[in-house]
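# Summary of the model geometry
Next come the chains, spelled out residue by residue.
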Amino acid sequence: MKASFYVTTPIYYPNDLPHIGHAYTTVLADVLARWHRLKGSNVFFLTGTDEHGLKLQRAAEKKGVKPKEFVDRMVPEFKKYWRLLEISYDRFIRTTDVDHEEVVKKALEKLYSKGLIYRGVYKGWYCSSCEKFYSEDEYEEKEGKKICPIHVKELEWVEEETYFLKLSAYQDQVLKLVRDTDIIHPRGYAREIASKLEKEGLRDLSIARPKDRVYWGVELPFDDRYVVYVWIDALLNYLTGIGYGRDGRFEEYWSVVHHVIGKDILWFHTAIWFAVLLMLDVPPPKKVLVHAFIINRGLKMGKSVGNVVMIDDMFDRYYSADSVRYLLMRLLNLEKDVEFDVELLDNMYNGELADTYGNLVRRVGVLSLKKLKGVVRRRELDEELSRTSREVIGEVLELMDDYKISESLVKTFDLLRATNAYLNKTKPWEVEDPEPSLYNAIEATRIATNLLNPVMPSITKKVADALGFEIVEVDKLKYGGVKEFLVKEAPILFKKVKSRTS
Ligand code: ME8
């Protein structure tokens, strides 16, 4: 039976265009989706937009349009960028989708009828950019003002009658899931949440907003003066996306769900989400895969800080989706923040993509056409390249299954470098019988290209077409597996960028 794989990204706030921080997460999720397709699994990949709440309401008001009109205008922009980056999602969910609003209402009804929701008064400091309340030990203080540590802007005092969700009743069960299972990855994040739970506990959460303040949301099914708190609405998208309550696929995909998120929304996706799922009698996610931030000048990239790099900027400099995807995944670090450094990216682009991969493909292409009229038959296999290929396949399989994408790219490039060195050593341009050398060089190029396919889907397809092979499922990938290459052309894959320092 085929294995299944379900991967999600956060649903982004469409108050602004997505930037490379959003692309970082979305490309990561896409690479995992493509990797699992390459492993022969049934894959479902969900992304989308988080359209309700105060932040969106205010963004629309600022533009002088109704919230729905505003989000309807923004969604095509997100889809455009994801198309540009070749994001292969199966569904783009919007929290304004009818089936989602139904799921939110049903879930809230269930929680209410189970006696898990009660009325009370909430007082606290709120950040509308995070859409969350900050406690005393979480916010920062500057000149007597309470400041959001993420958006570096003043918090607002909110005091209102609301409804609470009894998260506190689930504190022990949630702590167990956080501490004693391997759901949260990497484990440092699990320790962080466990320690927060131990220190502060899991407090009941205000899950309703009075319509006279926040009118843009899903109405509470048991009190029409309120809308549902945007984070509860948003988290439930992961259930709607695969047909919760109405579709047989739900069971299949839910048991293998991987939530890919940035570390800013870790608490919501662990403490709060695990408790809500327990309340709904839905098993916890299989994985919450967390990454750190891309930072610029020491701060998390964000519109309110004014240090964002846009996706267009990356395309202007590195030309194609494949190179942008490669560079983002090459930077990827789950544990540590990475500084956006153009010089470093230029060097990776020129040194790895252009000089190593591009140059190799061009060389084997040109030589095959010139020396063998493009027909390269299988000859004796080079032992060393064959062994290196086998090792690299094995290591990449392990690394990818451990979400170590950057490391797996480095490994694959070791094979490409070894192949360039092999060409230098065997010199097919001057020997009498260049076929053994060219066969082995193309074969190693094929293996590397196949492994790079999830990260660079178009360029690898172009290389496969030019050199005359197919991208195959990874378990069928074997050195020496191709009898004959019919090389059609020798493409130039990457145009070098002028490094700022050169
Ligand atoms: O939080 N570095 O949406 P959002 C790395 N709607 N990743 C970054 C980043 C950066 N500098 N900036 C943004 C929300 N991200 C909610 C989510 S899900 C049920 C609801 C990525 O538009 C990262 O994945 O603020 C982060 O978690 C996400 O964008 C936040 O997107």
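Fair warning: this is a prediction, and the values are worked out from it, not measured in the lab.

Cut-offs used in this document
- Residues numbered from 1 in each chain as written.
- Predicted model: local features only at pLDDT ≥ 70, side-chain atom pairs only at ≥ 80, totals over all residues.
- Heavy atoms only, no water.
- Helix = DSSP H or I, 4+ residues; strand = E, 2+ residues; numbered from the N terminus.
- Rg over C-alpha atoms; globule rule 2.2 N^0.38 Å.
- Buried < 20%, exposed > 50% of the residue type's maximum accessible area, 1.4 Å probe, protein only.
- Contact = heavy atoms within 4.5 Å.
- Areas by Shrake-Rupley, 256 points an atom, 1.4 Å probe, with all protein chains shown as cover.
- Lys, Arg positive; Asp, Glu negative; His and termini not counted.
- Charge placed at Lys NZ, Arg CZ, Asp CG, Glu CD.
- Axes fitted to C-alpha atoms, helices over the stretch in contact; angles between N-to-C directions.
- Parallel < 35°, antiparallel > 145°, perpendicular 65-115°, else oblique.
- Left-handed = near helix turned anticlockwise from the far one by under 90°.
- Nonpolar A, V, L, I, M, F, W, Y, C, P; charged D, E, K, R; others polar.
- Pairing = 2+ DSSP bridges.
- Polar contact = N/O pair within 3.5 Å; in protein donor to acceptor, adjacent residues only side chain to side chain.
- Core = buried A, V, L, I, M, F, W, Y, C linked by side-chain atoms within 4.5 Å.
- Near = heavy atom within 4 Å.
- Salt bridge = Lys/Arg side-chain N within 4 Å of Asp/Glu carboxyl O.
- Arc of directions from axis to C-beta.
- Phe/Tyr/Trp six-rings, centres within 6.5 Å; stacked < 30°, edge-to-face > 60°.
- Lys NZ or Arg CZ within 6 Å of the ring centre and 35° of its normal.

### With respect to the overall build of the protein
Secondary structure assignment for the protein yields 17 helices and 20 strands. In terms of overall size, the protein behaves like a compact globule, its C-alpha atoms giving a radius of gyration of 26 Å where 502 residues would be expected to give roughly 23 Å. Over its C-alpha atoms, taken along the principal directions, the protein stretches across nearly 85 × 50 × 40 Å. Scored against the burial criterion, the 502 residues of the protein give a buried share of 60%. For the protein, contacts bridging at least 24 residues in sequence account for 77% of all contacts bridging at least 6. Counting every atom, the protein has about 21,200 Å² of accessible surface; 48% of that belongs to carbon and sulfur. Here the protein contributes 77 positively and 78 negatively charged side chains, and the mean placements of these two sets differ by 3 Å.

### Focus on the side chain of Thr412
With respect to the helices, strands and loops of the structure, Thr412 is situated in helix 15 (residues 405-426). On the basis of relative accessible area, Thr412 is assigned to the buried category, the value being 1%. Aside from chain neighbours lying at most four places away, what touches Thr412 is Val392, Val396, Ala448, Leu451 and Leu452.

### Describing the packing of helix 12 (residues 321-331) against helix 15
For the pair helix 12 and helix 15, interaxial distance at closest approach is 7 Å and the crossing angle is 115 degrees. Put simply, helix 12 runs roughly perpendicular to helix 15. The two elements helix 12 and helix 15 meet at a crossing, and its hand is left-handed. Facing Tyr326, Met329 and Arg330 of helix 12, the residues of helix 15 in contact are Ile405, Ser406, Leu409, Val410 and Phe413. Tallied by class, the residues present in the contact of helix 12 with helix 15 amount to six nonpolar, one polar and one charged.

### Observations regarding the sheet that holds strand 5 (residues 132-134)
Working definition: the strands of a sheet are paired by backbone hydrogen bonds and lie parallel or antiparallel to each other. Across the sheet, four strands lie side by side as 5-4-8-10; this open sheet has antiparallel pairing. If you trace the sheet from one side to the other, it starts and ends with strand 5 and strand 10 (205-206), each paired once. One ladder, built from two bridges, connects strand 8 (residues 156-165) with strand 10; its direction is antiparallel. The residue of strand 10 that forms the bridge with Phe164 is Ser206.

### Some points on the side chain of Lys146
Tracing the chain through its elements places Lys146 in strand 7 (residues 145-147). A polar contact is formed between the side chain of Lys146 and the side chain of Glu141, at a distance of 3.3 Å. Leaving out residues up to four positions away in the same chain, Lys146 has contacts with Trp125, Tyr139, Glu140, Glu141, Lys153, Glu154 and Leu155.

### Quick word on the nonpolar core
Ranked by internal contacts, the top residues of the largest apolar core, which has 94 residues, are Trp82, Met329 and Tyr357. The element that contributes the greatest number of residues to this core is helix 13 (residues 342-372), accounting for 12 residues. If sequence neighbours within four positions are ignored, Trp82 has contacts with Tyr12, Pro18, His22, Ala23, Thr26, Thr47, Ile87, Tyr89, Phe92 and Ile311. With 84 residues, the next largest nonpolar core counts Met74, Leu202, Val228 and Ile261 among its residues.

### A look at the site of the ligand
In the region of the ligand, 25 residues are neighbours, and Ile11, Thr25, Asp50, Asp264 and Ile294 sit closest. One of the backbone nitrogen or oxygen atoms of Gly21 is found 3.3 Å away from a nitrogen atom of the ligand. At a separation of 2.6 Å, an oxygen atom of the ligand approaches a polar side-chain atom of Thr25. Protein contact buries 95% of the 680 Å² of open area that the ligand shows by itself. Among the elements of the structure, strand 1 (4-12), helix 1 (20-38), helix 7 (230-235) and helix 8 (237-240) are those that each provide at least two residues to the shell around the ligand. Considering every element that reaches the shell around the ligand, the biggest residue donor is helix 1, with four residues. Of the residues belonging to the shell around the ligand, the class tally is 14 nonpolar, eight polar and three charged.

### Comments concerning the pattern of salt bridges
Taken as a whole, this structure holds 43 salt bridges when the rule is applied. Of the charged contacts, one joins Asp72 and Arg94 as a salt bridge, the two residues approaching to 2.6 Å between their closest N and O atoms. On the criterion of sequence distance, the pair formed by Asp72 in helix 3 (residues 67-84) and Arg94 in strand 3 (residues 91-94) is long-range, its members being 22 residues apart. Judged by its relative accessible area of 33%, Asp72 is partly exposed.

### Comments concerning helix 5 (residues 171-180)
Every buried residue of helix 5 is listed here: Val174, Leu175, Leu177 and Val178. The arc that holds every buried residue of helix 5, seen down its axis, measures 160 degrees, which confines them to one face. Opposite its buried face, helix 5 presents the exposed residues Asp172 and Asp180, each directed more than 90 degrees away. Looking at the packing, one finds that the buried side of helix 5 touches strand 9 (184-185), helix 6 (187-200) and helix 10 (266-279).

### Observations concerning the packing of aromatic side chains
Tallied over the full model, the rule gives 27 aromatic pairs. An angle of 80 degrees between the planes, with centres 5.2 Å apart, marks the rings of Tyr163 and Phe222 as edge-to-face. In this pair, Tyr163 sits in strand 8 while Phe222 sits in the loop between strand 12 (219-220) and strand 13 (223-228), placing the two residues 59 residues apart along the sequence. Here the aromatic rings of Tyr357 and Phe494 are separated by 6.4 Å at their centres, their planes lie at 45 degrees, and the arrangement is tilted. Of this pair, Tyr357 sits in helix 13 while Phe494 sits in the segment after strand 20 (484-486); the two residues are 137 residues apart in sequence, bridging distant segments of the chain. Considered together, Tyr357 and Phe494 belong to a single accessibility category, that of buried residues. Linked through ring pairs, Tyr318, Tyr319, Tyr326, Tyr349, Tyr357, Phe413 and Phe494 together constitute an aromatic cluster. Of note, Arg119 hangs over the ring of Tyr163, and the distance from its end group to the ring centre comes to 4.9 Å.

### Focus on the sheet that holds strand 11 (residues 208-210)
If you trace the three strands from one edge of the open sheet to the other, you get 11-13-12, paired in antiparallel fashion. Edge positions in the open sheet fall to strand 11 and strand 12, since each of these has one partner strand only. Examined bridge by bridge, strand 12 and strand 13 share two bridges and lie antiparallel to one another. Among the inter-strand pairings, Leu220 is bridged to a residue of strand 13, identified as Asp223.

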